[in-house]
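Reading the structure
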Amino acid sequence: FITSLLFSSPRLPFSEAQKKAVLNWAKELGVRNLPSLGTMKKCQSHLQDLIGDPTEKVESCSGNIFYINSVAKAIAKDYANPITRLAMQDYPEDGGKGLSQVFHGKKMLNDLPSPPAVRVDGTVYFTDELLQELSGGYFIPQRFF
């Protein structure tokens, strides 16, 4: 798995000679169950068939060729991946006296509906729920932030 990950890195492309050298070096170090280069290629091809190639070749009117990726498909894959999904932030954070990230302010003002609940000092409060102020008055929050 790690060898396949290394060889398929878009930021660090390996030539065929480099791939052979790395596999031969691993073999000389005594690595067991080492896949051959042919097996690695078959595995990469199979994965590409399953997942698909996100890069689309496009030719402009002037004949220039360039390649584009679908941002929507990339985001969908990030949401589907349990590792990257945990690092994604959909809702803004209330940072107290200031904002730690600019996008939190933009999200609060324009982009997102209010989260359905907030946690303050360990207590969870929901929208559309009757709450009592410290002064004794009652209110129903329609949105948070």
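Residues numbered from 1 in each chain as written. Predicted model: local features only at pLDDT ≥ 70, side-chain atom pairs only at ≥ 80, totals over all residues. Heavy atoms only, no water.

Once that is clear, we can look at the overall build of the chain. In terms of helices and strands, the chain carries six helices and six strands. Taking all 145 residues of the chain together, 13% fall into the buried category. Surface summary for the chain: the accessible area is close to 12000 Å², and the carbon and sulfur share equals 58%. (Helix = DSSP H or I, 4+ residues; strand = E, 2+ residues; numbered from the N terminus. Buried < 20%, exposed > 50% of the residue type's maximum accessible area, 1.4 Å probe, protein only. Areas by Shrake-Rupley, 256 points an atom, 1.4 Å probe, with all protein chains shown as cover.)

The two faces of the sheet receive side chains in turn, since in a regular strand these alternate between them. The pairing of strand 3 (residues 117-120) with strand 4 (residues 123-126) spans four bridges and is antiparallel. Within strand 4, the residue paired with Val118 across the bridge is Tyr125. Once strand 3 ends, the chain turns through two residues before running back antiparallel as strand 4, passing Asp121 with a positive phi of about 50°. (Pairing = 2+ DSSP bridges.)

Of all residues in the chain, 81% have pLDDT values of 70 or greater, and the mean over the chain is 81. Per-residue pLDDT, averaged within each element of the chain, yields its smallest value for helix 6 (residues 102-111) (63) and its largest for helix 2 (residues 16-28) (92). (pLDDT = per-residue confidence, 0-100.)

This paragraph deals with a nonpolar patch on the surface. Taken together, the side chains of Trp25, Leu29 and Val31 make up a nonpolar region of the molecular surface, amounting to roughly 360 Å² of accessible area. Here Leu29 is to be found in the loop between helix 2 and helix 3 (37-51). By relative accessible area, Leu29 is classed as exposed at 58%. (Patch = residues over 30% accessible without salt bridge, like charges linked within 9 Å, V, L, I, M, F, W, Y side chains within 5 Å. Salt bridge = Lys/Arg side-chain N within 4 Å of Asp/Glu carboxyl O.)

Another point: helix 3. Since one α-helical turn is 3.6 residues long, residues separated by three or four positions face the same way. In this model helix 3 runs 21 Å from its N-terminal to its C-terminal C-alpha over 15 residues, within 8% of the 21 Å that 1.5 Å per residue would give. Once helix 3 ends, the next one or two residues include Gly52, with phi positive near 95°. (Expected span 1.5 Å × (residues − 1).)

With that settled, the discussion passes to helix 2. In a regular helix each residue adds 1.5 Å, so 13 residues correspond to 18 Å; helix 2 covers 18 Å between its end C-alpha atoms and thus fits that length. Turning to helix 2, its buried residues number three or more, namely Lys19, Leu23 and Ala26. Looking down the long axis of helix 2, one finds its buried residues gathered within 60° of arc, a one-sided arrangement. With respect to the buried face of helix 2, the exposed residues turned more than 90 degrees away are Ala17, Trp25 and Glu28. Check the buried side of helix 2 and you find it contacts helix 1 (2-7) and helix 3. A positive phi of about 90° marks Gly30, the residue just after helix 2. (Arc of directions from axis to C-beta. Contact = heavy atoms within 4.5 Å.)

Take the layout of surface pockets next. One way to see where empty space is left: roll a probe the size of a water molecule over the atoms. Its boundaries defined by the atoms lining it, the largest pocket holds a volume of some 710 Å³. Considering the residues around the largest pocket, the lining is formed by 20 residues, among which Ser8, Ile51, Gly52, Pro54 and Lys77 are closest to the centre. The element contributing the most residues to the lining of the largest pocket is helix 3, with five residues. Tallied by class, residues from the lining of the largest pocket come to eight nonpolar, nine polar and three charged. (1 Å grid on protein atoms, 1.4 Å probe; cavity = no way out; pocket = protein on both sides within 12 Å on 5 of 7 lines; lining within 4 Å. Points joined across faces, edges and corners; volume = space filled by probe spheres on them. Nonpolar A, V, L, I, M, F, W, Y, C, P; charged D, E, K, R; others polar.)

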